[in-house]
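# Structural overview for review
Okay, here's what each chain looks like letter by letter:
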Protein chains: 2
Amino acid sequence: MVTIADIAKMAGVAKSTVSRYLNGGSVSEETIRKIEKVVQETGYSPNKFAQSLKAKKTNIIGTIVPRLDSYATSQTLIGIDEQLRDLEYQLIISNTSQSLEREIENIYILAQQKVAGIILLATMVTEKHIKALHEIKVPILLVGQENEEFHSLIHNDYQAAHSLGEYVLAQRHTRIAYLGVTKEDIAVGVKRREGFMSAVADKVDTEVKYFETSFKSEDAIHKTLEIIEQYKPSIIVCATDNIALGALKAAYLSGLQVPKDLSITGFGGYEVTDLIHPSITTVKFFYKEAGNFAAKSIVKMVNKEEIDQMTFSKYEILKRESVDKKNN
Amino acid sequence: MVTIADIAKMAGVAKSTVSRYLNGGSVSEETIRKIEKVVQETGYSPNKFAQSLKAKKTNIIGTIVPRLDSYATSQTLIGIDEQLRDLEYQLIISNTSQSLEREIENIYILAQQKVAGIILLATMVTEKHIKALHEIKVPILLVGQENEEFHSLIHNDYQAAHSLGEYVLAQRHTRIAYLGVTKEDIAVGVKRREGFMSAVADKVDTEVKYFETSFKSEDAIHKTLEIIEQYKPSIIVCATDNIALGALKAAYLSGLQVPKDLSITGFGGYEVTDLIHPSITTVKFFYKEAGNFAAKSIVKMVNKEEIDQMTFSKYEILKRESVDKKNN
DNA sequence: CTGAAAGCGCTTACAG
DNA sequence: CTGAAAGCGCTTACAG
């Protein structure tokens with residue numbers, strides 16, 4: 001491997017001059033030419049470790065994700081990656097396989113690697129998270145969950161669910177099942193549920209019942225089968241698209257036609273919801289754009305610029321085939 | 001930040017002794033106790049850059065992926081990640097957004113970052129790839145595409161497609177459309193097609209026609225619409241599950257019942273193919289297991305152990321609802 | 001504009 | 001078992 005010392009010797013100058021050339025310091029025309037030539041010939045590129053050792057920082061942004069096999073995650077990552085590339089930062093992706101413990105562990109590991117900033121696609125924010133995030137002195141941005149102590153970019157779950165609730169009511173559904181997830185997940189488990197509730201709560205002649213399942217489609221199938229049998233709703237509002245996919249399968253297994261016998265809505269905007277038949281009415285979050293924004297924000301934070309404490313990403317209700325309009 | 005010098009001073013020993021303690025050199029019981037205490041108290045952890053600068057290598061494995069939003073990619077990454085964690089290596093994921101140019105660029109960038117090894121989830125292997133992979137002196141493993149100059153782990157596309165072809169024939173389909181992709185992609189575009197051809201080629205009274213589309217479901221919808229209209233096959237064999245999803249949508253748009261009026265098969269084994277109705281007959285590749293294997297292999301290569309030049313991953317034909325058995 | 005020197009935080013022969 | 005010293009490849013005041 002060729003080093004700065006080699007370049008200096010070959011060009012007949014001092015190492016410091018080569019360094020200045022590399023970092024845009026003042027160097028004479030002639031010296032530039034000499035160094036340029038040697039750099040070209042050798043294909044020299046500076047050793048990142050040596051640079052980081054001096055600089056005590058890197059241009060790496062670490063992103064911690066709970067899982068890799070999720071539409072929301074991959075879209076967000078694509079957005080982050082895209083933007084970071086433009087900003088000339090490098091992205092390190094750290095997967096926790098849904099383990100909270102690893103999430104904490106990864107926060108420390110990334111800090112140890114001297115990343116310039118961390119984007120955390122959070123599922124929950126526990127005491128341990130808060131402690132870890134405070135201990136490491138690294139700029140941090142939460143995506144998907146809010147916490148008053150940190151900057152965050154959140155999907156407007158409450159508002160989106162509220163809009164969805166209004167839409168469902170406008171379709172005159174009066175016997176509604178809401179199939180949500182654990183309340184430990186504030187964004188998906190709590191905000192979506194509450195947003196939906198806020199829209200349908202005071203409505204007269206409307207019955208709403210709340211159920212809970214896991215994030216897995218498989219579990220949603222079984223749960224929906226129960227719901228259909230015991231409650232016979234005209235619509236099942238699902239907290240995620242994967243759950244909606246499971247519900248759709250359950251409807252089929254029960255011999256129910258969607259949307260005639262049972263309407264179904266999702267949440268998330270996975271592409272496949274539009275590809276299948278019936279296509280599923282869902283709430284689309286702009287994950288990729290959110291990723292872009294997150295990347296810009298964390299870089300601003302790294303550069304000590306001010307950014308808003310909390311930002312909401314956009315959403316859109318995608319009205320498709322899986323919801324029937326009732327005529328009562 | 002506390003450094004090895006701080007620890008040494010606080011423990012009343014030399015830096016070299018602390019280093020020996022850290023790296024398992026011979027240190028007396030008593031010294032160990034002293035150093036241990038100080039390390040505990042300070043929460044000291046060695047500076048990775050300084051270590052790497054000396055060692056001239058890292059324990060990082062770089063993985064280059066063409067895209068993040070694909071089932072195959074995410075499953076493979078999960079497998080790699082999982083295994084690498086056990087092996088105490090760190091994973092860097094580098095996304096190229098399907099740009100061949102960036103693929104080459106990333107090879108050099110990873111080399112510059114002194115990764116210990118590179119796993120390349122390849123889509124094509126061009127001359128430039130070969131040149132780059134030779135230039136950097138880093139162990140490299142190709143996944144998904146084969147090339148005689150490098151070690152590779154390939155999904156047995158040819159054999160799998162052959163088996164699928166036999167299955168299709170066994171269901172007595174005699175008017176077959178094969179919907180493939182560009183031949184520039186050796187694995188998906190060529191091997192799957194050829195494997196399928198090898199099974200159906202000499203079959204009498206069977207007509208097979210080959211078509212081509214992109215990897216996008218959207219394009220597959222349009223292409224399938226054309227195929228249905230012009231060729232009226234009894235089955236469409238699709239080179240990927242995403243294409244099959246598009247074909248299914250097209251069948252619906254054409255008013256055809258699947259599988260009664262038109263059978264459809266996919267390739268890949270995406271979870272959603274089992275979740276929708278009708279569920280899609282497809283070929284499942286064990287991506288996660290392949291990822292595990294890839295991780296083990298690259299670490300072996302890093303450690304100068306011998307590994308097979310080429311390995312085939314496993315596959316399985318998943319027989320589901322989207323294929324009808326004909327009675328001629 | 002340019003060079004010599006010190007230092008970033010570690011590891012590794014080399015003596016003792 | 002332990003310490004002093006050199007060196008990994010860079011950058012950055014400091015002189016000139």
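Nothing here was measured: the structure is a model prediction, and the numbers come from that model. (Residues numbered from 1 in each chain as written. Chains lettered and ligands numbered in written order. Predicted model: local features only at pLDDT ≥ 70, side-chain atom pairs only at ≥ 80, totals over all residues. Heavy atoms only, no water.)

## Let's talk about the relation of the copies chain A and chain B
The condition that has to hold: Here the copies are matched by least squares. The fit uses the C-alpha atoms of residues with pLDDT of at least 70 in both. Contact definition: two residues touch when any of their heavy atoms are within 4.5 Å.
Superposition of chain A onto chain B requires a rotation of 180° combined with a translation of 0.1 Å along the rotation axis, giving an RMSD of 0.1 Å. Interpreted geometrically, this transformation is the action of a two-fold axis. Using C-alpha coordinates, one finds that chain A approaches the rotation axis most closely at Phe-49 of chain A, a distance of 2.4 Å. Here 100% of the contact residues of chain A are again contact residues in chain B; the copies associate through an equivalent surface.

## What about the interface of chain A and chain B?
So the rule is basically this: The buried area of a pairing is the accessible area, by a 1.4 Å probe, that goes missing from both parts when the two are put together, added over both. Any carboxyl oxygen of Asp or Glu that lies within 4 Å of a side-chain nitrogen of Lys or Arg is treated as forming a salt bridge with it. Elements are defined by DSSP. Helices are runs of H or I of four residues or more, strands are runs of E of two residues or more, and each kind is numbered from the N terminus.
The partner chain B presents 40 residues to the 40 residues of chain A that form the contact. The junction of chain A with chain B conceals about 3,800 Å² of combined surface from both sides, 60% of it contributed by carbon and sulfur atoms. Broken down residue by residue, the surface that chain A buries against chain B is led by Phe-49, Arg-85 and Leu-275 of chain A, which jointly contribute 19%. One can count 0 salt bridges joining chain A with chain B. Those elements giving two or more residues to the side of chain A that touches chain B turn out to be helix H4 (48-55), helix H5 (71-86), strand S2 (90-95), helix H6 (100-112), helix H10 (217-231), helix H11 (241-253) and helix H12 (272-275) of chain A.

## Regarding the UniProt feature "domain: HTH cro/C1-type" (unreviewed entry) in chain A
Let me state the cut-off plainly: UniProt positions are given in the numbering used here, feature names are shortened, and annotations may be inferred rather than shown by experiment.
Taken from the UniProt record, the annotation "domain: HTH cro/C1-type" (unreviewed entry) applies to residues 3-38 of chain A. Secondary structure over residues 3-38 of chain A splits into 72% helix and 0% strand, and the C-alpha atoms at its two ends are 12 Å apart.

## What about the sheet that holds strand S9 (residues 263-265) of chain A?
All names here are of chain A. We apply this condition: Any two strands between which DSSP finds at least two bridges are classified as paired. All axes are obtained by fitting lines to C-alpha atoms, using only the stretch in contact for helices, and the reported angles, taken between N-to-C directions, cover 0 to 180 degrees.
Strand order across the open sheet formed by 4 strands is S7-S6-S8-S9, with parallel pairing between neighbours. Whereas interior strands pair on both sides, the edge strands pair on one side only; in this sheet they are strand S7 (207-212) and S9. Averaged over all adjacent pairs, the angle separating strand axes in this sheet is 20°, with direction ignored. By the bridge criterion, 6 bridges tie strand S6 (residues 175-180) to S7 in an arrangement that is parallel. Paired with Gly-180 across the strands is Glu-212, a residue of S7. Across the sheet, helix H8 (residues 157-170) is in contact with S6, strand S8 (235-238) and S9; its angle to S8 comes to roughly 170°. Against the sheet, helix H9 (residues 186-200) touches S6, S7 and S8, its axis set at about 175° to S7.

## So, the protein's contact with DNA strand D
What counts here: We define proximity as follows: a residue is near a molecule or strand when any one of its heavy atoms falls within 4 Å of that partner. In protein, a polar contact requires one atom able to donate a hydrogen and another able to accept it; more generally it is a pair of N or O atoms within 3.5 Å, and residues adjacent in sequence count only if both atoms are side-chain atoms. Residue classes follow a fixed rule: Ala, Val, Leu, Ile, Met, Phe, Trp, Tyr, Cys and Pro count as nonpolar, while Asp, Glu, Lys and Arg count as charged, and any other residue, Gly among them, counts as polar.
Around DNA strand D there are 26 residues in total, and Ile-4 and Tyr-44 of chain A together with Ser-26, Thr-31 and Lys-56 of chain B lie nearest to it. One of the side-chain N or O atoms of Thr-17 of chain B is found 2.7 Å from a phosphate oxygen in DNA strand D. Every element with two or more residues in the surface near DNA strand D is listed here: helix H2 (15-22) and H4 of chain A together with helix H2 (15-22) and helix H4 (48-55) of chain B. Looking at side-chain class alone, the surface near DNA strand D contains 9 nonpolar, 11 polar and 6 charged residues.

## Examining the environment of His-222 of chain A
Mapping His-222 of chain A onto the fold places it in helix H10. Taking the C-alpha atoms as reference points, His-222 of chain A and Val-27 of chain A, separated by 195 residues in sequence, lie 72 Å from one another.

## Description of the packing of H4 of chain A against H4 of chain B
Let me state the cut-off plainly: Two helices crossing with the near one rotated counterclockwise from the far one by less than a right angle form a left-handed crossing, whereas a clockwise rotation gives a right-handed crossing.
Packing of H4 of chain A against H4 of chain B leaves a shortest axis separation of 8 Å and a crossing angle of 145°. In this structure, H4 of chain A meets H4 of chain B at a crossing whose hand is left-handed. From H4 of chain A, Phe-49, Ala-50, Ser-52 and Leu-53 of chain A reach across to H4 of chain B, where they touch Phe-49, Ala-50, Ser-52 and Leu-53 of chain B. Its residues assigned to classes, the contact of H4 of chain A with H4 of chain B shows 6 nonpolar, 2 polar and no charged.

## Some details on the pairing of strand S5 (residues 151-155) of chain A
Successive residues of a regular strand alternate their side chains across the two faces of the sheet. Residues and elements named next belong to chain A. Going by this rule: Partly exposed describes any residue whose relative accessible area lies between the buried limit of under 20% and the exposed limit of over 50%, with all areas from a 1.4 Å probe on protein chains only and scaled to the type maximum.
Burial of S5 is extensive: 4 of the 5 residues sit out of reach of the surface. Bridge count between strand S4 (residues 140-143) and S5: 3 bridges; the pairing is parallel. Looking at S5, one finds that Leu-141 is bridged to His-151. Pairing of S5 with strand S11 (residues 310-313), which is carried by 4 bridges, proceeds in the parallel orientation. Counted as the bridge partner of Leu-153 is Thr-311 from S11.

## With respect to the protein's contact with DNA strand C
In the neighbourhood of DNA strand C, 26 residues make up the surrounding shell, with Ser-26, Thr-31, Lys-54 and Lys-56 of chain A together with Ile-4 of chain B lying closest. Near-protein atoms of DNA strand C (within 4 Å) split between backbone and bases, with sugar and phosphate holding 62%. One nitrogen or oxygen atom from the side chain of Asn-23 of chain B is found 3.3 Å from a phosphate oxygen belonging to DNA strand C. Lys-54 of chain B is positioned such that a nitrogen or oxygen atom in its side chain is 3.4 Å from a base oxygen of DNA strand C. Tallied by class, residues from the surface near DNA strand C come to 9 nonpolar, 11 polar and 6 charged.

## Focus: the packing of aromatic side chains
Here a ring pair, both rings aromatic, is described through the centre-centre distance and the interplanar angle of the planes. Residues and elements named next belong to chain A. Spelled out, the test is: Centres within 6.5 Å make a pair out of two Phe, Tyr or Trp rings, where for Trp the six-membered ring is used; the pair is then stacked when the planes are under 30 degrees apart, edge-to-face when over 60, and tilted otherwise.
All told, the structure shown has 15 aromatic pairs over all chains when counted by the stated rule. Aromatic pair Tyr-178 and Phe-196: ring centres 5.2 Å apart, planes at 35°, arrangement tilted. Of this pair, Tyr-178 sits in strand S6 while Phe-196 sits in helix H9, and the two are 18 residues apart along the sequence. Judged by relative accessible area, Phe-196 falls into the buried class, the value being 0%. Take Tyr-178: its relative accessible area is 2%, and that puts it in the buried class. One aromatic cluster is present, formed by Tyr-71, Phe-267, Tyr-270, Phe-285 and Tyr-287 through successive ring pairs.

## Regarding unusual backbone geometry
With glycine set apart, most residues show a phi of negative sign, and most peptide bonds adopt trans. Here Val-258 of chain A and Pro-259 of chain A are connected by a cis peptide whose omega angle stands at 10°. Residue position: Pro-259 of chain A is located in the loop between H11 and S9. Of note, the bond from His-277 of chain A into Pro-278 of chain A is cis; its omega dihedral lies within 30 degrees of zero at -5°. On the secondary structure map, Pro-278 of chain A appears in the loop between H12 and strand S10 (282-285). A positive phi is found at Arg-172 of chain A, a non-glycine position, where the angle reads about 65°. Positive phi, normally seen in glycine, also occurs at Lys-232 of chain B, with a value near 50°. Of the residues examined, Lys-232 of chain B reaches a relative accessible area of 59% and is grouped as exposed.

## Let's talk about H4 of chain A
Of the residues that open H4 of chain A, the one with a side-chain oxygen 2.7 Å from the backbone nitrogen of Phe-49 of chain A is Asn-47 of chain A. A positive backbone phi angle near 60° is found at Lys-56 of chain A, which sits one or two residues after H4 of chain A.

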